[in-house]
Amino acid sequence: MLIRSKAPLRLGFAGGGTDIAVYYNLYGGYVLNATVDMYAYCTLEPSPNNRIVFNAADLEKTEEYAADGCPAVSKNLPLHAGIYNRIVKDYNNGKPLSFIMTTYSDAVAGSGLGSSSTMVVAIIKAFAEWLNLPLGEYDIASLAYKIEREDLCLSGGKQDQYAATFGGFNFMEFYGNEKVIVNPLRLKRWIRNEIEASLVLYYTGVSRESANIINKQIENTEKKNDKSIENMHELKKQAVLMKESLLKGDFKGFSEGLNKGWLAKRNITESISNSIIDELYQYAIDNGAESAKISGAGGGGFMMLYCNPCKRINLIRALKKKDGIVMTPSFTEIGTQAWTILNS
(Lines give C-alpha, C1' and ligand atoms only; values in the text may rest on other atoms or scores of the structure.)
Protein backbone atom coordinates (compact mmCIF):
# COMPACT_ATOMS: atom_id res chain seq x y z
CA MET A 1 0.00 0.00 0.00
CA LEU A 2 1.12 3.52 -0.81
CA ILE A 3 -0.34 6.80 0.43
CA ARG A 4 0.39 9.83 -1.70
CA SER A 5 -0.44 13.49 -1.22
CA LYS A 6 0.29 16.86 -2.73
CA ALA A 7 -0.31 20.49 -1.80
CA PRO A 8 -0.07 23.55 -4.08
CA LEU A 9 2.41 26.39 -3.71
CA ARG A 10 1.11 29.93 -3.62
CA LEU A 11 1.69 33.40 -5.02
CA GLY A 12 1.28 36.18 -2.47
CA PHE A 13 -0.31 39.18 -4.17
CA ALA A 14 -0.74 41.47 -1.18
CA GLY A 15 -0.64 41.66 2.60
CA GLY A 16 2.25 39.25 3.16
CA GLY A 17 3.78 40.07 6.54
CA THR A 18 0.51 41.08 8.18
CA ASP A 19 -0.01 37.34 8.78
CA ILE A 20 2.72 37.35 11.45
CA ALA A 21 1.34 36.93 14.97
CA VAL A 22 3.03 39.96 16.52
CA TYR A 23 1.24 42.16 13.96
CA TYR A 24 -2.18 40.54 13.55
CA ASN A 25 -2.63 40.11 17.30
CA LEU A 26 -2.56 43.90 17.59
CA TYR A 27 -4.04 45.12 14.32
CA GLY A 28 -5.49 42.17 12.41
CA GLY A 29 -3.95 41.01 9.14
CA TYR A 30 -5.26 40.68 5.57
CA VAL A 31 -3.63 38.63 2.81
CA LEU A 32 -4.57 38.10 -0.83
CA ASN A 33 -3.04 35.04 -2.50
CA ALA A 34 -3.64 32.27 -5.03
CA THR A 35 -2.26 28.78 -5.53
CA VAL A 36 -0.47 27.69 -8.70
CA ASP A 37 0.31 24.41 -10.44
CA MET A 38 3.51 23.78 -8.52
CA TYR A 39 3.36 21.33 -5.64
CA ALA A 40 4.95 19.73 -2.62
CA TYR A 41 4.58 15.93 -2.71
CA CYS A 42 4.66 13.19 -0.09
CA THR A 43 4.53 9.40 -0.35
CA LEU A 44 4.11 7.16 2.70
CA GLU A 45 4.86 3.46 2.43
CA PRO A 46 3.92 1.58 5.61
CA SER A 47 6.53 -1.08 6.47
CA PRO A 48 6.69 -3.95 8.99
CA ASN A 49 10.37 -3.58 9.94
CA ASN A 50 9.92 -1.13 12.83
CA ARG A 51 11.96 1.55 11.08
CA ILE A 52 11.21 5.15 10.19
CA VAL A 53 12.85 6.45 7.02
CA PHE A 54 12.61 10.08 5.92
CA ASN A 55 13.80 10.65 2.36
CA ALA A 56 13.74 14.22 1.02
CA ALA A 57 14.49 13.37 -2.60
CA ASP A 58 14.85 16.95 -3.83
CA LEU A 59 17.25 17.84 -1.02
CA GLU A 60 19.13 14.54 -1.36
CA LYS A 61 18.84 13.99 2.40
CA THR A 62 17.82 10.79 4.19
CA GLU A 63 17.39 9.99 7.87
CA GLU A 64 16.51 6.66 9.49
CA TYR A 65 15.36 5.86 13.01
CA ALA A 66 14.12 2.90 15.03
CA ALA A 67 10.34 3.12 15.42
CA ASP A 68 10.49 3.00 19.21
CA GLY A 69 9.98 6.59 20.25
CA CYS A 70 10.06 10.18 19.04
CA PRO A 71 12.87 10.85 16.56
CA ALA A 72 15.16 13.69 17.51
CA VAL A 73 14.48 16.78 15.43
CA SER A 74 17.65 17.31 13.42
CA LYS A 75 18.88 20.26 11.42
CA ASN A 76 18.73 18.20 8.22
CA LEU A 77 15.01 17.35 8.13
CA PRO A 78 13.33 19.09 11.07
CA LEU A 79 9.91 19.29 9.43
CA HIS A 80 9.61 15.55 8.81
CA ALA A 81 10.43 14.51 12.37
CA GLY A 82 8.47 17.35 13.90
CA ILE A 83 5.30 16.44 12.01
CA TYR A 84 5.66 12.72 12.81
CA ASN A 85 6.14 13.41 16.51
CA ARG A 86 3.00 15.59 16.70
CA ILE A 87 0.89 13.10 14.71
CA VAL A 88 1.91 10.17 16.91
CA LYS A 89 1.40 12.17 20.11
CA ASP A 90 -1.99 13.69 19.24
CA TYR A 91 -3.57 11.15 16.91
CA ASN A 92 -2.03 7.71 17.52
CA ASN A 93 -1.99 7.47 21.33
CA GLY A 94 1.78 7.76 21.33
CA LYS A 95 2.19 4.46 19.46
CA PRO A 96 5.09 4.55 16.94
CA LEU A 97 4.49 4.03 13.24
CA SER A 98 6.79 2.22 10.83
CA PHE A 99 7.12 3.56 7.28
CA ILE A 100 9.22 5.03 4.50
CA MET A 101 8.42 8.64 3.66
CA THR A 102 9.56 10.26 0.41
CA THR A 103 9.05 13.96 -0.24
CA TYR A 104 9.98 16.47 -2.91
CA SER A 105 8.89 19.91 -4.07
CA ASP A 106 8.61 21.70 -7.39
CA ALA A 107 10.25 24.75 -5.77
CA VAL A 108 13.38 25.01 -3.69
CA ALA A 109 13.27 26.09 -0.06
CA GLY A 110 13.63 29.86 0.19
CA SER A 111 11.86 30.43 -3.13
CA GLY A 112 9.22 32.72 -1.65
CA LEU A 113 6.34 30.47 -2.72
CA GLY A 114 5.68 29.03 0.72
CA SER A 115 7.46 25.77 -0.05
CA SER A 116 8.31 24.75 3.53
CA SER A 117 4.81 25.26 4.92
CA THR A 118 3.30 23.65 1.84
CA MET A 119 5.43 20.57 2.46
CA VAL A 120 4.18 20.44 6.05
CA VAL A 121 0.58 20.49 4.78
CA ALA A 122 1.30 17.71 2.25
CA ILE A 123 2.87 15.48 4.91
CA ILE A 124 0.00 16.04 7.35
CA LYS A 125 -2.49 15.25 4.58
CA ALA A 126 -0.69 11.95 3.88
CA PHE A 127 -0.85 10.95 7.55
CA ALA A 128 -4.53 11.97 7.68
CA GLU A 129 -5.22 9.69 4.70
CA TRP A 130 -3.28 6.78 6.18
CA LEU A 131 -4.73 7.02 9.68
CA ASN A 132 -8.19 8.16 8.55
CA LEU A 133 -7.99 11.29 10.70
CA PRO A 134 -11.07 13.55 10.82
CA LEU A 135 -9.20 16.72 9.89
CA GLY A 136 -10.91 19.44 7.87
CA GLU A 137 -9.19 22.30 6.03
CA TYR A 138 -8.97 24.62 9.02
CA ASP A 139 -7.73 21.74 11.20
CA ILE A 140 -4.91 20.82 8.82
CA ALA A 141 -3.80 24.42 8.30
CA SER A 142 -3.89 25.19 12.03
CA LEU A 143 -1.96 22.01 12.86
CA ALA A 144 0.68 22.82 10.23
CA TYR A 145 1.09 26.30 11.70
CA LYS A 146 1.42 25.00 15.26
CA ILE A 147 4.02 22.40 14.28
CA GLU A 148 6.17 25.00 12.53
CA ARG A 149 5.78 27.94 14.87
CA GLU A 150 5.23 26.27 18.26
CA ASP A 151 6.82 22.81 18.12
CA LEU A 152 9.79 23.68 15.91
CA CYS A 153 10.00 27.40 16.77
CA LEU A 154 10.44 28.39 13.13
CA SER A 155 9.76 32.04 12.35
CA GLY A 156 7.13 32.86 9.77
CA GLY A 157 3.60 33.88 8.98
CA LYS A 158 0.32 32.06 8.64
CA GLN A 159 -0.88 32.43 5.07
CA ASP A 160 1.13 29.59 3.50
CA GLN A 161 -0.48 26.80 5.52
CA TYR A 162 -4.00 28.02 4.71
CA ALA A 163 -3.25 28.64 1.03
CA ALA A 164 -1.83 25.14 0.58
CA THR A 165 -4.75 23.55 2.40
CA PHE A 166 -7.64 25.46 0.80
CA GLY A 167 -6.25 26.20 -2.68
CA GLY A 168 -7.56 28.76 -5.16
CA PHE A 169 -7.83 32.55 -4.88
CA ASN A 170 -8.38 33.57 -1.26
CA PHE A 171 -8.68 36.70 0.83
CA MET A 172 -7.55 35.72 4.32
CA GLU A 173 -8.16 37.47 7.62
CA PHE A 174 -5.98 36.89 10.68
CA TYR A 175 -6.87 38.02 14.19
CA GLY A 176 -5.87 37.46 17.81
CA ASN A 177 -6.93 34.34 19.71
CA GLU A 178 -5.94 32.27 16.63
CA LYS A 179 -9.01 33.39 14.67
CA VAL A 180 -8.61 32.88 10.92
CA ILE A 181 -11.19 33.48 8.19
CA VAL A 182 -10.51 32.19 4.67
CA ASN A 183 -12.71 33.89 2.09
CA PRO A 184 -12.60 32.04 -1.26
CA LEU A 185 -12.94 34.53 -4.13
CA ARG A 186 -15.47 33.56 -6.78
CA LEU A 187 -13.66 35.12 -9.70
CA LYS A 188 -15.25 35.13 -13.11
CA ARG A 189 -13.37 32.82 -15.45
CA TRP A 190 -12.31 35.64 -17.78
CA ILE A 191 -10.77 37.56 -14.88
CA ARG A 192 -8.78 34.55 -13.75
CA ASN A 193 -7.66 33.91 -17.33
CA GLU A 194 -6.54 37.51 -17.79
CA ILE A 195 -4.47 37.52 -14.59
CA GLU A 196 -2.92 34.20 -15.55
CA ALA A 197 -2.04 35.49 -19.03
CA SER A 198 -0.46 38.59 -17.52
CA LEU A 199 1.91 36.98 -15.01
CA VAL A 200 5.50 35.83 -15.35
CA LEU A 201 7.58 34.28 -12.60
CA TYR A 202 11.32 34.76 -12.57
CA TYR A 203 13.52 32.81 -10.18
CA THR A 204 16.40 35.04 -9.19
CA GLY A 205 18.59 32.06 -8.35
CA VAL A 206 19.02 33.44 -4.84
CA SER A 207 17.55 31.23 -2.13
CA ARG A 208 17.23 33.18 1.10
CA GLU A 209 16.62 32.42 4.76
CA SER A 210 13.21 34.01 5.29
CA ALA A 211 13.45 33.63 9.08
CA ASN A 212 16.10 36.33 9.33
CA ILE A 213 13.94 38.84 7.45
CA ILE A 214 10.83 37.90 9.40
CA ASN A 215 12.65 38.13 12.74
CA LYS A 216 13.67 41.69 11.90
CA GLN A 217 10.09 42.49 10.96
CA ILE A 218 8.91 41.04 14.28
CA GLU A 219 11.51 43.10 16.13
CA ASN A 220 10.38 46.32 14.42
CA THR A 221 6.74 45.62 15.26
CA GLU A 222 7.49 44.79 18.90
CA LYS A 223 9.50 48.01 19.23
CA LYS A 224 6.58 49.95 17.68
CA ASN A 225 8.82 51.20 14.87
CA ASP A 226 6.52 53.79 13.26
CA LYS A 227 7.92 53.45 9.74
CA SER A 228 7.69 49.67 9.77
CA ILE A 229 4.16 49.60 11.18
CA GLU A 230 2.92 52.28 8.78
CA ASN A 231 4.18 50.22 5.85
CA MET A 232 2.54 47.10 7.29
CA HIS A 233 -0.74 49.02 7.45
CA GLU A 234 -0.25 49.95 3.80
CA LEU A 235 0.26 46.28 2.88
CA LYS A 236 -3.01 45.47 4.61
CA LYS A 237 -4.78 48.31 2.79
CA GLN A 238 -3.50 47.15 -0.59
CA ALA A 239 -4.73 43.61 0.10
CA VAL A 240 -8.28 44.97 0.42
CA LEU A 241 -7.99 47.22 -2.64
CA MET A 242 -6.46 44.48 -4.80
CA LYS A 243 -9.18 42.05 -3.76
CA GLU A 244 -11.77 44.57 -4.93
CA SER A 245 -9.86 45.12 -8.18
CA LEU A 246 -9.77 41.37 -8.81
CA LEU A 247 -13.47 40.90 -8.24
CA LYS A 248 -14.33 43.80 -10.58
CA GLY A 249 -11.81 42.94 -13.27
CA ASP A 250 -9.96 46.21 -12.68
CA PHE A 251 -6.58 45.07 -13.95
CA LYS A 252 -5.02 48.54 -13.84
CA GLY A 253 -5.95 48.78 -10.17
CA PHE A 254 -4.58 45.29 -9.54
CA SER A 255 -1.24 46.18 -11.17
CA GLU A 256 -0.99 49.48 -9.31
CA GLY A 257 -1.69 47.68 -6.05
CA LEU A 258 1.08 45.20 -6.77
CA ASN A 259 3.56 48.05 -7.14
CA LYS A 260 2.30 49.98 -4.11
CA GLY A 261 2.46 46.84 -2.01
CA TRP A 262 6.04 46.15 -3.08
CA LEU A 263 7.12 49.73 -2.30
CA ALA A 264 5.58 49.41 1.15
CA LYS A 265 7.09 45.98 1.77
CA ARG A 266 10.62 46.96 0.81
CA ASN A 267 10.45 49.80 3.35
CA ILE A 268 9.67 47.52 6.29
CA THR A 269 13.27 46.34 6.72
CA GLU A 270 16.44 46.92 4.72
CA SER A 271 16.98 43.20 3.98
CA ILE A 272 13.76 42.75 1.97
CA SER A 273 15.33 44.22 -1.15
CA ASN A 274 18.91 44.57 -2.38
CA SER A 275 20.81 45.84 -5.41
CA ILE A 276 20.23 42.62 -7.37
CA ILE A 277 16.47 42.76 -6.83
CA ASP A 278 16.30 46.51 -7.53
CA GLU A 279 18.23 46.12 -10.78
CA LEU A 280 16.05 43.17 -11.85
CA TYR A 281 12.90 45.14 -11.04
CA GLN A 282 14.00 48.04 -13.21
CA TYR A 283 15.13 45.71 -15.99
CA ALA A 284 11.70 44.07 -16.02
CA ILE A 285 9.91 47.43 -16.12
CA ASP A 286 12.16 48.57 -18.98
CA ASN A 287 11.27 45.41 -20.91
CA GLY A 288 7.48 45.47 -20.67
CA ALA A 289 6.47 44.70 -17.09
CA GLU A 290 3.90 47.06 -15.60
CA SER A 291 4.54 46.03 -12.00
CA ALA A 292 6.55 43.52 -10.02
CA LYS A 293 7.27 42.26 -6.53
CA ILE A 294 9.28 39.60 -4.78
CA SER A 295 7.06 36.74 -3.62
CA GLY A 296 7.38 35.85 0.04
CA ALA A 297 9.49 37.48 2.73
CA GLY A 298 11.94 39.10 0.29
CA GLY A 299 15.69 39.03 -0.14
CA GLY A 300 15.56 36.68 -3.14
CA GLY A 301 13.50 33.80 -4.44
CA PHE A 302 10.85 34.36 -7.14
CA MET A 303 9.94 37.72 -8.57
CA MET A 304 6.36 38.01 -9.78
CA LEU A 305 5.93 40.23 -12.85
CA TYR A 306 2.67 41.62 -14.23
CA CYS A 307 2.43 42.78 -17.85
CA ASN A 308 0.13 43.26 -20.82
CA PRO A 309 -0.36 39.73 -22.23
CA CYS A 310 0.63 41.02 -25.68
CA LYS A 311 4.01 42.04 -24.25
CA ARG A 312 4.58 38.90 -22.22
CA ILE A 313 6.61 37.05 -24.86
CA ASN A 314 8.97 40.01 -25.23
CA LEU A 315 9.37 40.22 -21.45
CA ILE A 316 10.11 36.49 -21.32
CA ARG A 317 12.74 36.83 -24.07
CA ALA A 318 14.40 39.65 -22.17
CA LEU A 319 14.40 37.73 -18.88
CA LYS A 320 15.90 34.67 -20.56
CA LYS A 321 18.99 36.75 -21.27
CA LYS A 322 19.55 36.81 -17.51
CA ASP A 323 20.83 33.90 -15.43
CA GLY A 324 17.57 33.02 -13.67
CA ILE A 325 14.64 30.76 -14.60
CA VAL A 326 11.48 32.03 -16.31
CA MET A 327 8.13 30.37 -15.62
CA THR A 328 4.50 31.00 -16.61
CA PRO A 329 2.35 29.44 -13.87
CA SER A 330 -1.28 28.40 -14.09
CA PHE A 331 -3.68 28.82 -11.19
CA THR A 332 -5.19 25.85 -9.40
CA GLU A 333 -8.51 25.80 -7.59
CA ILE A 334 -7.96 22.71 -5.43
CA GLY A 335 -6.00 22.59 -2.20
CA THR A 336 -4.17 19.66 -0.68
CA GLN A 337 -5.19 16.17 -1.81
CA ALA A 338 -4.33 12.60 -0.82
CA TRP A 339 -5.03 9.16 -2.25
CA THR A 340 -4.25 5.53 -1.52
CA ILE A 341 -2.82 2.97 -3.91
CA LEU A 342 -3.64 -0.54 -2.72
CA ASN A 343 -1.87 -2.63 -5.37
CA SER A 344 1.65 -1.25 -5.27
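The structure we're discussing is the one just above.
All values reported here derive from a predicted model rather than from experimental measurement.

1. Focus on the packing of helix α8 (residues 226-248) against helix α9 (residues 251-266)
In step 1: Between α8 and α9, the least distance of the axes is 9 Å, while the angle of their chain directions is 165 degrees. Relative to α9, the element α8 lies roughly antiparallel. The element α8 and its partner α9 pack so that their crossing is left-handed. Across from Asn231, Glu234, Leu235, Gln238, Met242, Ser245 and Leu246 in α8, the residues of α9 making contact are Gly253, Phe254, Gly257, Leu258, Lys260, Gly261, Ala264 and Lys265.

2. Quick word on the pattern of salt bridges
In step 1: For the structure on display, the rule yields 10 salt bridges.
In step 2: Close ionic contact of Lys158 with Glu178 constitutes a salt bridge, the shortest N to O distance being 2.5 Å. Of this pair, Lys158 sits in the loop between α4 (137-151) and α5 (159-166) while Glu178 sits in the loop between β6 (169-174) and β7 (180-184), placing them 20 residues apart in sequence.
In step 3: On the basis of relative accessible area, Lys158 is assigned to the buried category, the value being 2%.

3. Thoughts on the side chain of Arg86
In step 1: Inspection of the secondary structure puts Arg86 in helix α2 (residues 78-91).
In step 2: By relative accessible area, which is 15% here, Arg86 ends up buried.
In step 3: Those residues in contact with Arg86, other than ones at most four positions away along the chain, are Tyr91, Leu143, Lys146, Ile147, Glu150 and Asp151.

4. Considering unusual backbone geometry
In step 1: We note that Asn50 has phi near 55 degrees; this positive angle belongs to a residue other than glycine.
In step 2: Looking at the secondary structure, you find Asn50 in the loop between β2 (29-46) and β3 (51-56).
In step 3: Non-glycine residue Glu60 carries a positive phi angle of around 55 degrees.
In step 4: Take Glu60: it is sitting in the loop between β3 and β4 (61-66).

Conventions and cut-offs
Residues numbered from 1 in each chain as written. Predicted model: local features only at pLDDT ≥ 70, side-chain atom pairs only at ≥ 80, totals over all residues. Heavy atoms only, no water. Axes fitted to C-alpha atoms, helices over the stretch in contact; angles between N-to-C directions. Helix = DSSP H or I, 4+ residues; strand = E, 2+ residues; numbered from the N terminus. Parallel < 35°, antiparallel > 145°, perpendicular 65-115°, else oblique. Left-handed = near helix turned anticlockwise from the far one by under 90°. Contact = heavy atoms within 4.5 Å. Salt bridge = Lys/Arg side-chain N within 4 Å of Asp/Glu carboxyl O. Buried < 20%, exposed > 50% of the residue type's maximum accessible area, 1.4 Å probe, protein only.

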